Amino acid sequence: MARGSTRPTSRDVAQAAGVSQAAVSLVLGGKWRGRVSEATAQRVREAARDLGYRPNLAARNLRLGRTRTVLLVVPALTTEFFAGVYTGAARVAAEHGFGVVLYPSPEGIGPARDPFASAQAALDGVIASSMAADALTAIRGDQLPLVMLDSDPEGSLGAATVNLDIADGVRQIAEHLLALGHRRFLHLAADVPSWTFEVRARELAARVGGVPGASLRTARAPISIDGARAAAEAALAAPGPRPTAVVCDDDKLAAGAYKAARRLGLRVPDDLSVTGLDDLALATAIDPELTTVRLDAELFGERGMRALLAVLEGRTPEAGDIPVRLVVRGSTAPPR
């Protein structure tokens with residue numbers, strides 16, 4: 001690098017790595033596979049790091065006609081789950097020279113105001129949770145390359161869908177509770193019109209309905225601890241045999257079920273088993289700690305961003321749902 005120069009150039013990186021400027025562009029643009037060797041790519045990255053080289057993205061974007069900006073549309077950030085999704089998406093985006101703008105739908109679910117004068121001019125693509133799908137209309141995000149998260153693959157707006165294996169998570173919960181001997185179930189369901197919650201309800205009904213003598217009631221609640229407490233308390237105090245297990249659509253609803261049980265003089269898990277679905281920090285903050293299904297939010301975000309990159313490059317995104325895992329803790333036990 002020339003004496004007195006304040007900013008290293010791609011030519012400096014090429015000289016330091018002993019390669020052409022074209023090879024530097026391929027490596028730092030993430031398009032080197034099959035065109036230069038892994039060893040050469042590593043040498044270029046090390047040279048760029050040692051020199052403190054940063055590509056001039058503004059100039060490159062003008063040449064490509066791209067902003068290298070992606071919008072992540074999620075419900076209001078009321079739990080850390082979607083923060084994890086953002087972290088995963090942003091990590092993959094950064095590896096490919098993209099930035100991610102996080103757009104929480106202000107009301108959590110439903111339409112939202114357009115944050116851009118023209119989304120199509122400002123963005124290269126959109127990743128959106130099905131729980132915030134209505135917000136896409138306001139920002140005209142459905143007119144851009146779009147990847148949907150937690151969305152019905154058969155009826156998705158997007159060019160690709162990325163899903164957690166929620167159905168298998170519910171299967172694992174049902175099998176765990178049935179094996180403990182539970183036959184009377186309450187489903188504390190999120191009162192949200194979203195495919196991901198429809199999957200939970202459908203799978204639980206199928207599992208419980210396949211066992212002779214088993215019964216299932218449903219109570220709907222907003223995704224809040226107080227709303228869940230009120231719905232669970234009413235359902236547990238209703239006439240007839242009381243459920244021995246409460247299956248909750250997420251961990252916040254489960255915390256509400258705990259409060260309902262306490263108000264009714266019921267002990268978890270002695271009188272009532274409770275399960276969640278998320279494995280948020282909340283799951284180990286309540287007592288007893290919550291049996292729940294762990295969803296890998298960061299991997300979810302990573303897969304969403306990789307799928308969008310594939311769409312932008314004309315490739316087929318990775319197929320298959322992301323595995324989930326039951327974590328058994330202290331909130332479940334055999335019924336009395």
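Scroll up a little and you will see the structure.
Residues numbered from 1 in each chain as written. Predicted model: local features only at pLDDT ≥ 70, side-chain atom pairs only at ≥ 80, totals over all residues. Heavy atoms only, no water.

1. Examining the sheet that holds strand β6 (residues 184–190)
Pairing between sheet strands relies on hydrogen bonds along the backbone, with the strands arranged either parallel or antiparallel.
Line of reasoning, step 1. Strand order in the open sheet formed by 4 strands is β7-β6-β8-β9, with parallel pairing between adjacent strands. Strand pairing shows two members of the sheet lacking a second neighbour, β7 (215–221) and β9 (273–275), which therefore form its edges. Neighbour to neighbour, the strand axes of the sheet diverge by 20° on average, direction disregarded.
Line of reasoning, step 2. By the bridge criterion, 4 bridges tie β6 to strand β8 (residues 245–248) in an arrangement that is parallel. From the neighbouring strand, H187 faces β8, where its bridge partner is V247. (Pairing = 2+ DSSP bridges. Helix = DSSP H or I, 4+ residues; strand = E, 2+ residues; numbered from the N terminus. Axes fitted to C-alpha atoms, helices over the stretch in contact; angles between N-to-C directions.)

2. Describing the pairing of β6
Each regular strand carries side chains that alternate between the two faces of the sheet.
Line of reasoning, step 1. Of all 7 residues that make up β6, 6 are buried, and the element is covered over most of its length.
Line of reasoning, step 2. In the sheet, β6 pairs with β7 via 7 bridges, with the strands oriented parallel. Looking at the pairing, A190 lines up with A221 of β7.
Line of reasoning, step 3. Note on the crossover from β6 through helix α9 (residues 195–209) to β7: the handedness is right-handed. (Buried < 20%, exposed > 50% of the residue type's maximum accessible area, 1.4 Å probe, protein only. Right-handed = clockwise from strand over helix to strand, strands pointing away.)

3. Observations concerning the nonpolar core
One recurring pattern in soluble globular proteins is that nonpolar side chains are buried together.
Line of reasoning, step 1. Grouped together as the largest cluster of nonpolar side chains are 45 residues, with contacts concentrated most on F81, V85, L164, L295, F300 and M305.
Line of reasoning, step 2. When residues of this core are traced back to their parent elements, those giving at least two are β1 (69–74), α5 (81–95), β4 (146–149), β5 (160–162), α8 (166–180), α9, β8 and α13 (297–312).
Line of reasoning, step 3. Not counting residues up to four positions away in its chain, the partners in contact with F81 are L164, D278, L280, L295, A297 and F300.
Line of reasoning, step 4. Listed in part, the 27 residues of the second largest apolar core include A219, A228, A260 and A283. (Core = buried A, V, L, I, M, F, W, Y, C linked by side-chain atoms within 4.5 Å. Contact = heavy atoms within 4.5 Å.)

4. Things to note about empty space enclosed by the protein
Which parts of space are left empty comes out when a probe the size of a water molecule is rolled across the atoms.
Line of reasoning, step 1. In the structure shown here, the tally under the stated rule is 1 cavity of 30 Å³ or more.
Line of reasoning, step 2. Taken as a whole, the largest cavity holds about 40 Å³ of empty space.
Line of reasoning, step 3. Around the largest cavity sit V170, I173, H187, R200, L204, V247, C248, D249 and L277, which together line it.
Line of reasoning, step 4. Residue composition of the lining of the largest cavity, by class: 6 nonpolar, 1 polar and 2 charged. (1 Å grid on protein atoms, 1.4 Å probe; cavity = no way out; pocket = protein on both sides within 12 Å on 5 of 7 lines; lining within 4 Å. Points joined across faces, edges and corners; volume = space filled by probe spheres on them. Nonpolar A, V, L, I, M, F, W, Y, C, P; charged D, E, K, R; others polar.)

5. Topic: the packing of α8 against α9
Line of reasoning, step 1. Closest axis-to-axis distance for the α8/α9 pair is 9 Å, and the angle between their directions is 35°. The two elements α8 and α9 meet at a crossing, and its hand is right-handed. Residues I166, A167, V170, R171, A174, E175 and L178 of α8 form the contact with α9, whose participating residues are T196, V199, R200, E203, L204 and R207. (Left-handed = near helix turned anticlockwise from the far one by under 90°.)

6. Here's the deal with the pairing of β1
Line of reasoning, step 1. Within β1, 6 of the 6 residues are buried, leaving the element largely enclosed by the surrounding structure.
Line of reasoning, step 2. Of the two faces of β1, both are covered, the one formed by T69, L71 and V73 as well as the one formed by V70, L72 and V74.
Line of reasoning, step 3. In this structure, β1 lies alongside strand β2 (residues 99–104), joined through 6 bridges in parallel fashion. Opposite T69, over in β2, you have G99 as the bridge partner.

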